[in-house]
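Examining the three-dimensional arrangement
Take a look at the letters that make up each chain.
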Amino acid sequence: MPKDHHHQPVRSDRRLITFSALSMLGLATAPAWAQRYPITSDQKASAQQAAQNGVPEGELATDAPNTYTVKGGDTLWGISGVFLKKPWRWPALWGMNFEQISNPHLIYPGQTLYLIRQNGLARLSLSPADGSADIPTVRVSPRSRYESLADNALPTLRSHLIEPFLAEPVVVDENTLLQAPHIVAAQDDRVLMSRGDRAYARGEASTPLLMNPGMPRDFRVFRSATPIKDPNDGKILGYEAQYLGRARLIRAEGAQDEPDDTPVLREFPASNVSEGGYPAAKKPPPPTEVIPASIDITSIKEEIRAGDRLLPEPPRQLMNYVPRAPLVPTERGRVASIYGSAVANAAQNQIVAINLGTRDGIEPGHVLAILSEGARLLDTSDGSRVKMKLPDERNGLLMVFRCFDRISYALILEIKQAVRVGDRLVNPR
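The present account deals with the structure reproduced in this document.

Parameters at a glance
- Residues numbered from 1 in each chain as written.
- Predicted model: local features only at pLDDT ≥ 70, side-chain atom pairs only at ≥ 80, totals over all residues.
- Heavy atoms only, no water.
- Helix = DSSP H or I, 4+ residues; strand = E, 2+ residues; numbered from the N terminus.
- Polar contact = N/O pair within 3.5 Å; in protein donor to acceptor, adjacent residues only side chain to side chain.
- Contact = heavy atoms within 4.5 Å.
- Buried < 20%, exposed > 50% of the residue type's maximum accessible area, 1.4 Å probe, protein only.
- Pairing = 2+ DSSP bridges.
- Core = buried A, V, L, I, M, F, W, Y, C linked by side-chain atoms within 4.5 Å.
- Patch = residues over 30% accessible without salt bridge, like charges linked within 9 Å, V, L, I, M, F, W, Y side chains within 5 Å.
- Areas by Shrake-Rupley, 256 points an atom, 1.4 Å probe, with all protein chains shown as cover.
- Salt bridge = Lys/Arg side-chain N within 4 Å of Asp/Glu carboxyl O.
- Arc of directions from axis to C-beta.
- Axes fitted to C-alpha atoms, helices over the stretch in contact; angles between N-to-C directions.

1. Looking at the side chain of Ser125
Position of Ser125 among the secondary structure elements: in strand 5 (residues 121–125). Of the polar contacts made by the side chain of Ser125, one reaches the backbone oxygen of Ser127; its length is 3.0 Å. The contacts of Ser125, once residues within four sequence positions are left out, are Trp94, Thr112, Leu113, Tyr114 and Ile116.

Printed below as a string of structure tokens:
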């Protein structure tokens, strides 16, 4: 079956700027985090054994079916919940080994999944235990038809929940936004720009907006960045900018629709000739006028204005994830911010930024449990007024879908109550 394709992440030790803008999904490279959280031989052996043997029958959902036919609209996470009490244990049930865990076999509508139980263990297969399968008789007519299975592969999650965030976020270094081309004006002296409007932009003197072969024509528009701080120590993890929309370069800087290439013959006017017949000292020429590039606003999320910055549109990359628990402990995981919201609470199917990234061993598809911090109060039951902190309680699950060096974005899969900035994140059990 087709394998998933992953793009290696941007790695940098400098402070990062994360932007609210489908692109550049990444997996951690082992050396970066193995030194901090090495995978023990026991962990690796456990993962390999689970891949070979499956999961204990006790981990199956109470009403797990013996067969299940995949339907259009199903998701990998949804099917995981059909078979398992712990959906993040999907790789062990499906039999993905340690090396292949990030490149799952894709599942397609119409396929039948068979639950095989043997010696107290359970595994999932595309064929029954005895090797037989009911193959329906299908009458076909002599015609040619081409259909790509890759286009119908079962997604892990409802794509509409995360696709905007796959299209928007990107990581750059701290100075990139300041050095990016910026919008300088709009047609007809408009202050705010919307879809279909013509605007004008300039790049740095060393990197003007040009239309040479191989140079970008499509851009995303951003506004000033807001720092994301680590709830543990208050240090800045990166900067999240406000994604505004997209624009297309129509005319390069300095270009005119009808350039005049006719050579100009210059003569010294009589007033510039001295009494001796020699040219008088020439006045300095007027400063050269700057002609900005022309861009068209092709889509907007919010209205755009002068000063907003342009970054090249990266190539679109789709990927499928395997929901699974990290093999390394997430000792310091916290919800760092709630994406695109000024409030402090997040609901189900919302996106949050967490203070863990590729350097911590986090990969797309990792599932983490959310712990709500226990309240601090006084014991008034016996008059002692002893200060107490109630235990942290499990509140739900989230799944990482986008990773950067120090920050990742995750979708809240299920919760009991609102998620708050600072809530703890741990490996699910």
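Continuing now.
2. Comments concerning the pairing of strand 9 (residues 198–202)
The side-chain alternation of strand 9 yields one buried face, formed by Ala199 and Ala201, and one unburied face, formed by Arg198, Tyr200 and Arg202. Pairing geometry for strand 7 (residues 182–186) and strand 9, over four bridges, is antiparallel. Considered in strand 9, the bridge of Ala185 is made with Tyr200. Here strand 9 runs beside strand 12 (residues 293–300); their pairing, made up of four bridges, is antiparallel. Bridge pairing in strand 12 links Ala199 to Ile295.

3. Examining the nonpolar core
In this structure, Ile351, Phe401 and Tyr409 are the most contacted members of the largest nonpolar core, which totals 22 residues. Formed by 21 residues, the second largest nonpolar core is a distinct cluster that contains Trp94, Ile107, Leu115 and Ala122.

4. What about the sheet that holds strand 5?
Across the sheet, which stays open at both edges, the four strands sit in the order 2-5-4-3 with antiparallel pairing between neighbours. Edge strands, defined here as strands with exactly one partner in the open sheet, are strand 2 (55–56) and strand 3 (67–69).

5. Here's the deal with a nonpolar patch on the surface
A contiguous nonpolar surface patch, about 290 Å² in accessible area, is contributed by Leu377, Val386, Met388 and Leu390. Within the fold, Val386 resides in strand 20 (residues 386–389). Judged by relative accessible area, Val386 falls into the partly exposed class, the value being 45%.

6. Let's talk about the pattern of salt bridges
This structure, assessed with the given rule, holds 14 salt bridges. As a salt-bridge pair, Arg198 and Asp296 come within 2.4 Å of each other at their nearest N and O atoms. Highlighted residues: Arg198 in strand 9 and Asp296 in strand 12, separated in sequence by 98 residues. Overall, Arg198 belongs to the partly exposed group, its relative accessible area being 22%. The closest approach of N and O atoms between Asp392 and Arg424, which form a salt bridge, is 2.9 Å. Residue Asp392 is located in the loop between strand 20 and strand 21 (393–403), and its partner Arg424 is located in strand 24 (residues 424–426); the two are separated by 32 residues in the primary sequence. For Arg424, a relative accessible area of 29% corresponds to the partly exposed category.

7. Concerning helix 3 (residues 76–83)
Within helix 3, the full set of buried residues consists of Leu76, Trp77, Ile79, Ser80 and Phe83. Down the axis of helix 3, the buried set is contained in an arc of 160 degrees. They therefore lie on one face.

8. Some details on the sheet that holds strand 17 (residues 351–354)
Judged by pairing direction, the barrel is antiparallel, and its six strands sit side by side in the order 15-17-22-21-18-24 before closing back on the first. Shown here is a sheet whose adjacent strand axes are inclined to one another by a mean of 45 degrees, direction ignored. Direction of pairing for strand 17 relative to strand 22 (residues 408–415): antiparallel, over a ladder of four bridges. Looking across to strand 22, one finds that Ile351 is bridged to Leu411.

9. Examining unusual backbone geometry
Positioned with a positive phi, Asp189 is a non-glycine residue whose angle comes to about 55 degrees. Tracing the backbone through its elements, the reader meets Asp189 in the loop between strand 7 and strand 8 (192–193). In the Ramachandran plot, Arg385 falls in the positive-phi region, its phi being about 55 degrees despite a non-glycine side chain. Its relative accessible area of 52% is what places Arg385 among the exposed residues.

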